[in-house]
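# Analysis of the macromolecular model
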Amino acid sequence: MNGSVNVSAGRSYLAIPGPSVIPDQVLQAMHRASPNIYAGELVEMTATLIPDLRRVARTQHEVAIYIANGHGAWEAALQNTLQPGDRVLVPSSGRFGIGWAEMAQGLGVETDILDFGNHAPWDMDRIAEALAADTGHRIKAVLAVHADTSSSIRNDVAALRRALDAAGHPALLMADCIASLGCDRFEMDGWGVDVMVTACQKGLMVPAGLGIVFFNARAAEARRALPRISRYWDWEPRANPEEFYQYFGGTAPTHHLYGLRAALDMIHAEGMEAVWARHAHLARAIWAACEAWGADGPLRMNVPDRALRSHAVTALRIGSPLGTELRMWLEQNLGLTLGIGLGMAPPRSPDWHGFFRLGHMGHVNGHMIMGLLGGIETGLRALDIPHGKGALAAAAAALAGA
């Protein structure tokens, strides 16, 4: 390719692991004048969101919506169940497990972190040992990231519930599904999860701004046992409002709600099982290409075992400074933006430039994935980065079902 010719004009493609691509239907739903926040259409429409959010989470339990990002959802879950001096167990497989633990520490909660690094899933034997050792049941909750956006490791939440039950441990099981909800199979009630947190800007396909917390009767009981709770973070009036404003602790995030309504309509028209199957199918095409590129050259997938990979994000290593050089070339020359590496090296270390991530969550289809992969192959060629051959053919075969 002639490096002097820029072919980035046209619609750009943001292939980062959130915020994800926003569907036109969602954008159109949000492109409207502000509605009345006291009566009428908005009030009636908001009530329809709750059962449809439950359907996505596979739960019959409560839903609380916050004007927040995923960090806000983390804090809401902690504020409603724990108090200073309580202890939590945090099995971590990436930066976001550590981040949730840091949030707890800031609230005066003691944390037992089992750090399994950035390349391995939870070790259930070590978790079982930690639970068995807590004979006094000081651990009040287990903070578990289902799919860590930094490492792209997908953990077994159902196995964690089995470990808690086998130990006879009463700790609440809290799951972070910020990266996985609407992408990877998740069964809140079926897997015995007490609290689940998510945000709207990934699998739910809405611009960032809504944090959502789901909680069951055990978690509600823990909240009632607290001596005090912030009126803003309290999930009880949000889940069971007597007046409309209580859904949100004040003014409603009006346009986000219209966008969420459109997104949920799209998800349920496709069907949850079909949404999960689509993400798995597209992920296999990405993996096929990345594995082919890695056969001859520096590119490596962060998670070698396919069974442990997220279906929403893929973390890759290619060596410094090639990760940053590839990302910059693609953005400047093709209009394709890849995600930065996150938590894989210290921020000011030169090694930070050796990582990148691919987001394939939410509003994505086969031709978008083939365009993403074709763009990466173009960048590898333009920068003379060694790579194995046949990647695009391997991806096409995966998509075709071969």
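Residues numbered from 1 in each chain as written. Predicted model: local features only at pLDDT ≥ 70, side-chain atom pairs only at ≥ 80, totals over all residues. Heavy atoms only, no water.

Counted only if it meets this: UniProt positions are given in the numbering used here, feature names are shortened, and annotations may be inferred rather than shown by experiment.
The name given to the protein in an unreviewed UniProt entry is Aminotransferase class V-fold PLP-dependent enzyme, with Leisingera caerulea as the source organism. Looking at the protein in UniProt, the text filed under Sequence similarities (unreviewed entry) is "Belongs to the class-V pyridoxal-phosphate-dependent aminotransferase family."

## What to know about the overall build of the protein
Selection rule: Segments assigned H or I by DSSP are reported as helices when at least four residues long, segments assigned E as strands when at least two residues long, and all are numbered from the N terminus. When we talk radius of gyration, it's over C-alpha atoms, and the globule rule is simply 2.2 Å times the number of residues to the 0.38. Pairs of residues are marked as contacts when any of their non-hydrogen atoms sit within 4.5 Å. Method for areas: the Shrake-Rupley scheme with a 1.4 Å probe, in which residue coverage is limited to the protein chains shown. By the counting rule applied here, Lys and Arg register as positive and Asp and Glu as negative, while His and the ends of each chain are not counted. Here the site of a charge means NZ on Lys, CZ on Arg, CG on Asp, or CD on Glu.
Secondary structure summary: the protein contains 13 helices and twelve strands in total. Relative to a compact globule of 402 residues, whose C-alpha radius of gyration would be 21 Å, the protein shows 22 Å and is just as compact. The dimensions of the protein, computed from C-alpha atoms along their principal axes, are 65 × 55 × 40 Å. A sequence separation of at least 24 residues applies to 72% of the contacts in the protein between residues at least 6 apart. Accessible surface, the protein as shown: approximately 16100 Å² in total, 53% of it carbon and sulfur. Taking the 33 positively charged and 39 negatively charged side chains of the protein as two groups, their mean positions are separated by 2 Å.

## Let's talk about the sheet that holds strand β10 (residues 313-317)
The condition that has to hold: For two strands to be treated as a pair, DSSP must find at least two bridges joining them. Here the axes come from fitting lines to C-alpha atoms, over the contacting stretch only for helices, and the angles between their N-to-C directions go from 0 to 180 degrees.
Spatially, β1-β11-β12-β10-β9 is the arrangement adopted by the five strands of the open sheet, whose pairing is mixed. Both outer strands of the open sheet, β1 (13-15) and β9 (300-301), are each paired with one neighbouring strand and no more. Sheet topology places β9 next to β10; two bridges connect them, and they run antiparallel. Residue M301 lies in a different strand from β10, and its bridge partner there is L316. Packing against the sheet, helix α11 (residues 322-334) makes contact with β11 (336-340) and β12 (355-359), and its axis sits at approximately 155° to β11.

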